[in-house]
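Here is how the chains run, residue by residue.
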Amino acid sequence: MKRLALGFIALFCWSTLMALPRTVELDQATLAAQPVDVLSANFVDRVIHDLPVDRHLELFEKLDPDALDKALDTQQKQLTFWINIYNGYTQYFLKTDPTLYQEDRSDFFGKEQIAIAGYTVSMEDIEHGVLRRGAVVLSLGFIRNLSLRKPFIRKFAVNEVDYRIHFALNCGAKSCPPVVAYQTRWVDRQLDDSSKDYLQLHVEYLPDDNRVYAPVLMSWFKADFGSHDDQRAILKKYGIIPQDKDPKIKYLDYDWTMQIENYRAYTY
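Because the structure is a prediction, the values reported are computed rather than measured.

(A) Highlighting the side chain of Asn262. Along the chain, Asn262 falls in the loop between strand 7 (248–251) and strand 8 (264–266). Only 3.3 Å separates the side chain of Asn262 from the backbone oxygen of Cys176, close enough to count as a polar contact.

Okay, structure coming up:
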């Protein structure tokens, strides 16, 4: 399916890889010389297309932590790299062996199984530690304390929390957003596009009842999304509800059925 939006073309495919275009192709002999954000995008692109990524895993593990921190010197690079790392490794692990995920999702996401820059970390460390700046999950994100978190999290936490990550991070469930190979130069467009697409699919607006059913992600991570007024503003920003309406917000259930190959590609 093709869609023209904001002057660029978004191409997407849910699971038919034959129809999904390559978006970040690199000469694999040059990987060690690539910027880390570009390397992470190629990693995701290759995982999507079931291409070998052993060299990527080796390079991620051997990254110098200070050099990586220095290389991620903008919010855009931080978001690009860590979203790609989260999504790429999640898909890689699920494709390799989904057993732990199927037996206990909490153990899967809490397991320290990602070797990167001299650390061995979990998906939770990346999502709630790095991308949500040390957010305590049970507090809905209202409690954040980097000083008590792991050295890895303290070193690499993003400059600021961006609610759009929740429409980008894919945990392998049916209600997750599609996996995208994010690229620094386009990441703001990509995150906006992913947010709009996800909300269009996962929001039910009932104007006659003055009610809107939003993704439960907006409740689980309330500190990231803000008050109900803030959440309505987000829904208005992406054209989900009219600008002159302020419906009551309710939340939809989340479908945890495993769905691995949920992919999308944006080309500009």
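So that's the structure; there's more coming.
(B) Layout of helix 1 (residues 36–48). The end-to-end C-alpha separation of helix 1 is 18 Å, in line with the 18 Å expected for 13 residues at 1.5 Å each. With twelve of 13 residues buried, helix 1 is to be regarded as a mostly interior element. The inward-facing, buried residues of helix 1 contact helix 2 (54–62), helix 3 (65–71) and helix 4 (75–96). At the C-terminal side of helix 1, Asp50 shows a positive phi close to 60°.

(C) Looking closely at the pattern of salt bridges. In this structure the tally under the stated criterion is 18 salt bridges. The partner of Arg164 in a salt bridge is Asp162, and the shortest N-O contact between them spans 2.8 Å. Residue Asp192 is joined to Lys237 by a salt bridge in which the shortest nitrogen-to-oxygen separation is 3.6 Å. One end of the pair, Asp192, is in helix 9 (residues 187–202); the other, Lys237, is in helix 12 (residues 228–237), with 45 residues separating them in the sequence. Judged by relative accessible area, which is 25%, Asp192 ranks as partly exposed. Through salt bridges with shared partners, a single ionic network connects Asp162, Arg164, Asp188, Asp192 and Lys237.

(D) Highlighting the nonpolar core. Judged by nonpolar contacts, the single largest core of 76 residues is most densely connected at Phe81, Trp82 and Ile116. Looking at this core element by element, the count peaks at nine residues for helix 4. Those residues within four positions of Ile116 in sequence are excluded, and the remaining contacts are Phe60, Glu61, Phe81, Trp82, Ile85, Val121 and Phe152.

(E) Layout of a nonpolar patch on the surface. A cluster of nonpolar side chains, namely Val136, Leu138, Leu140, Phe142 and Ile143, defines an oily patch on the protein surface of about 530 Å² accessible area. Tracing the chain through its elements places Val136 in the loop between helix 7 (123–131) and helix 8 (151–156).

(F) Region of the structure containing unusual backbone geometry. Despite not being glycine, Ala117 has its phi angle at roughly 50°, a positive value. The residue Ala117 is located in the loop between strand 3 (114–116) and strand 4 (119–121) in this model. For Ala117, a relative accessible area of 2% gives the class buried.

(G) Spotlight on helix 9. With 16 residues, helix 9 should cover 22 Å at 1.5 Å per step; its first-to-last C-alpha distance of 22 Å lies within 8% of that length. Residues of helix 9 that are buried include every one of Val187, Gln190, Leu191, Asp193, Ser194, Ser195, Asp197, Tyr198 and Leu199, and no others.

(H) Up close: the packing of helix 4 against helix 9. Between helix 4 and helix 9, the shortest axis-to-axis distance is 10 Å and the interhelical angle comes to 60°. Between helix 4 and helix 9, the interaxial angle falls into the category oblique. Each of Gln76, Leu79, Thr80 and Ile83 in helix 4 lies in contact with helix 9, whose residues at this interface are Val187, Asp188 and Leu191. Across the contact of helix 4 with helix 9, the residue classes tally to four nonpolar, two polar and one charged.

(I) Representation of the packing of aromatic side chains within the structure. The tally for this structure, following the rule as stated, stands at 22 aromatic pairs. Relative to Tyr89, the ring of Phe60 lies with its centre 6.2 Å away and its plane at 50°, an arrangement referred to as tilted. A residue pair is termed long-range when its members are at least 10 positions apart, and Phe60 in helix 2 and Tyr89 in helix 4 qualify at 29 residues. Aromatic side chains Trp82 and Phe156 sit 5.5 Å apart centroid to centroid with 55° between the ring planes, which places their arrangement in the tilted category. Remark: Phe156 occurs in helix 8 and Trp82 occurs in helix 4; sequence separation between them is 74 residues. With respect to burial, Trp82 and Phe156 carry one shared label: buried. One aromatic cluster in this structure is built from Phe43, Phe60, Phe81, Trp82, Tyr89, Tyr92, Phe93, Tyr119, Phe152 and Phe156.

Conventions used here
- Residues numbered from 1 in each chain as written.
- Predicted model: local features only at pLDDT ≥ 70, side-chain atom pairs only at ≥ 80, totals over all residues.
- Heavy atoms only, no water.
- Helix = DSSP H or I, 4+ residues; strand = E, 2+ residues; numbered from the N terminus.
- Polar contact = N/O pair within 3.5 Å; in protein donor to acceptor, adjacent residues only side chain to side chain.
- Expected span 1.5 Å × (residues − 1).
- Buried < 20%, exposed > 50% of the residue type's maximum accessible area, 1.4 Å probe, protein only.
- Contact = heavy atoms within 4.5 Å.
- Salt bridge = Lys/Arg side-chain N within 4 Å of Asp/Glu carboxyl O.
- Core = buried A, V, L, I, M, F, W, Y, C linked by side-chain atoms within 4.5 Å.
- Patch = residues over 30% accessible without salt bridge, like charges linked within 9 Å, V, L, I, M, F, W, Y side chains within 5 Å.
- Areas by Shrake-Rupley, 256 points an atom, 1.4 Å probe, with all protein chains shown as cover.
- Axes fitted to C-alpha atoms, helices over the stretch in contact; angles between N-to-C directions.
- Parallel < 35°, antiparallel > 145°, perpendicular 65-115°, else oblique.
- Nonpolar A, V, L, I, M, F, W, Y, C, P; charged D, E, K, R; others polar.
- Phe/Tyr/Trp six-rings, centres within 6.5 Å; stacked < 30°, edge-to-face > 60°.

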